[in-house]
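# Observations on chain architecture
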Amino acid sequence: MLDIQTWEYAEAMELLGNSELGLKFIVHTPYQTPVINAMGYSTGPGQKAFVGFNKNKVSNLHPPWGKCNPERKLTYADHYTVEACAIECKLSRVVAQCQCKPYYFPGDFDDCSYEQLGQCAFIEIAKINANFGEECDCPIACKNEEFDVKLSYASFPNIPYGGDLGKKFKITLPEVQPGVPEYGTQVQYIRGNVVSLDLYYESMSETETVQNKAMDSTALLGSIGGHLGLFIGCSVLTAVEFLECIIMSTLGHCKTAKRKRELSLKKTHEPELEENNHSYHNKAHFNENGNGSSDV
């Protein structure tokens, strides 16, 4: 149970303060950066919130199968989360433009004044939120733990229980003054200022979500072989025989081309040999006739 003392609220509209009366909470692991404004759950005074949650572990793949980056590191967080990355992205933008940081951001920078928050810091943060995908490079985390939260509410407290709470905690009604509402009884004060939370695990088991490859190398080869076998009746033996046919056909063409070149060269040299032989015979005949005439 929390006493929020509603008369102490001082948030103004020009500072983009919260208009709600109550508190926000979030269920997260110790290493996660809580983002209350964007992901928190709300409850108000006079209510008891029953918060049941289950734990879910998430594992994502790195490229080319997934989008997480196992090498990504942050400056102000030991474990990478998208929320912590977003905070550091906004921090760098606000510090560069406003020379200060919101008080709830990490870092050794000067805290922004109320005027700087309303006139500069919140404006820059709104610009980033409007176009977060292009302004910040924050891929999903490779390992993450999430909580699925279920809420239910009931009015709090009933009159007998409220009276017992007032006596047990010795609740003193505030003095009536400007800005402070008047409470007639302790039960009225509790209904106007006290928030009750009941948090519990719905189940003692955990759920693990693992991102797997749509198709690994073994499955890819099996898929290709299955499609080939289905549509063209191809198998490993058929592929080997087809390769053998290509090799034998190539070798046959090479031998045929070589044989054709040899025959062509042979036909080219035969006329030269015949011409040389004919010239030799004519010369021999001439010499023979010449010798005979000299004898006569």
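Residues numbered from 1 in each chain as written. Predicted model: local features only at pLDDT ≥ 70, side-chain atom pairs only at ≥ 80, totals over all residues. Heavy atoms only, no water.

### Describing the overall build of the protein
Scanning the protein for helices and strands turns up 8 helices and 7 strands. Considering the protein as a whole, with its 296 residues, one finds that 26% of them fall into the buried category. Summed over all atoms, the accessible surface of the protein reaches about 21,300 Å², with 55% contributed by carbon and sulfur. (Helix = DSSP H or I, 4+ residues; strand = E, 2+ residues; numbered from the N terminus. Buried < 20%, exposed > 50% of the residue type's maximum accessible area, 1.4 Å probe, protein only. Areas by Shrake-Rupley, 256 points an atom, 1.4 Å probe, with all protein chains shown as cover.)

### So, the packing of aromatic side chains
Under the definition given, this model contains 8 aromatic pairs. Seen from their ring centres, Y104 and F105 are 5.1 Å apart, and the 90° between their planes marks the pair as edge-to-face. On the accessibility criterion, Y104 (40% relative accessible area) is partly exposed. Relative to Y189, the ring of Y183 lies with its centre 5.3 Å away and its plane at 80°, an arrangement referred to as edge-to-face. For Y183, a relative accessible area of 14% gives the class buried. Of the aromatic side chains, those joined through ring pairs into one cluster are W7, Y183 and Y189. Between K213 and the ring centre of W65, over which it is positioned, the NZ or CZ distance is 4.1 Å. (Phe/Tyr/Trp six-rings, centres within 6.5 Å; stacked < 30°, edge-to-face > 60°. Lys NZ or Arg CZ within 6 Å of the ring centre and 35° of its normal.)

### Thoughts on the state of the cysteines
In total, this model carries 5 disulfides according to the counting rule given. Paired by a disulfide, C85 and C138 hold their sulfur atoms 2.1 Å apart. When the S-S torsion is -80°, as for the bridge of C85 with C138, the disulfide is left-handed. Placement of the pair is C85 in helix 2 (residues 82-98) and C138 in the loop between helix 4 (132-135) and strand 5 (143-155), with a sequence separation of 53 residues. A residue is classified by how much of its surface remains accessible, and C85, at 3% relative accessible area, is buried. On the basis of relative accessibility, which here comes to 15%, the residue C138 falls in the buried class. Sequence-ordered numbering of the bonded cysteines in the protein yields a pairing of 1-10, 2-9, 3-8, 4-7, 5-6. (Disulfide = S-S within 2.5 Å.)

### Some words on the side chain of E124
Along the polypeptide, E124 turns up in helix 3 (residues 114-130). Owing to a relative accessible area of 9%, E124 belongs among the buried residues under this scheme. Beyond its immediate chain neighbours, meaning those up to four positions away, E124 contacts R93, V94, Q97 and C98. (Contact = heavy atoms within 4.5 Å.)

### Considerations on the packing of helix 5 (residues 159-168) against helix 6 (residues 186-193)
Running from amino to carboxyl end, helix 5 crosses helix 6 at an angle of 95°, the nearest separation of the two axes being 8 Å. It follows that helix 5 is roughly perpendicular to helix 6 by the angle criterion. Residues I159, G162, G163, L165, G166 and K167 of helix 5 pack against Q186, V187, I190 and R191 of helix 6. Residues belonging to the contact of helix 5 with helix 6 are distributed by class as follows: 4 nonpolar, 4 polar and 2 charged. (Axes fitted to C-alpha atoms, helices over the stretch in contact; angles between N-to-C directions. Parallel < 35°, antiparallel > 145°, perpendicular 65-115°, else oblique. Nonpolar A, V, L, I, M, F, W, Y, C, P; charged D, E, K, R; others polar.)

### Some remarks on unusual backbone geometry
With the exception of glycine, most residues fall at negative phi, and the peptide bonds are largely trans. Between P63 and the following residue, P64, the backbone shows a cis peptide bond with an omega angle of 5°. Inspection of the secondary structure puts P64 in the loop between strand 4 (47-59) and helix 2. The step from F156 to P157 runs through a cis peptide bond, and the omega angle for that step is -15°. Mapped onto the elements of the fold, P157 is located in the loop between strand 5 and helix 5. Positive phi, normally seen in glycine, also occurs at Q5, with a value near 45°. When you line up the elements, Q5 lands in the loop between strand 1 (2-3) and strand 2 (23-25). Of the residues examined, Q5 reaches a relative accessible area of 34% and is grouped as partly exposed. The residue Q99 is not glycine, and still its phi comes out positive at about 60°. By secondary structure assignment, the location of Q99 is in the loop between helix 2 and helix 3.

### A look at the nonpolar core
V94, C98, F105, C112, L117, A121 and I125 are the most contacted members of the largest nonpolar core, which totals 13 residues. Not counting residues within four places of it along the chain, the set of residues in contact with V94 comprises Q99, C100, K101, P102, A121, E124 and I125. (Core = buried A, V, L, I, M, F, W, Y, C linked by side-chain atoms within 4.5 Å.)

### As for the environment of M13
Relative to the helices and strands, M13 is located in the loop between strand 1 and strand 2. Judged by its relative accessible area of 75%, M13 is exposed. Once the C-alpha coordinates of M13 and G118 are considered, the two residues, 105 residues apart in sequence, prove to be 9.8 Å apart.

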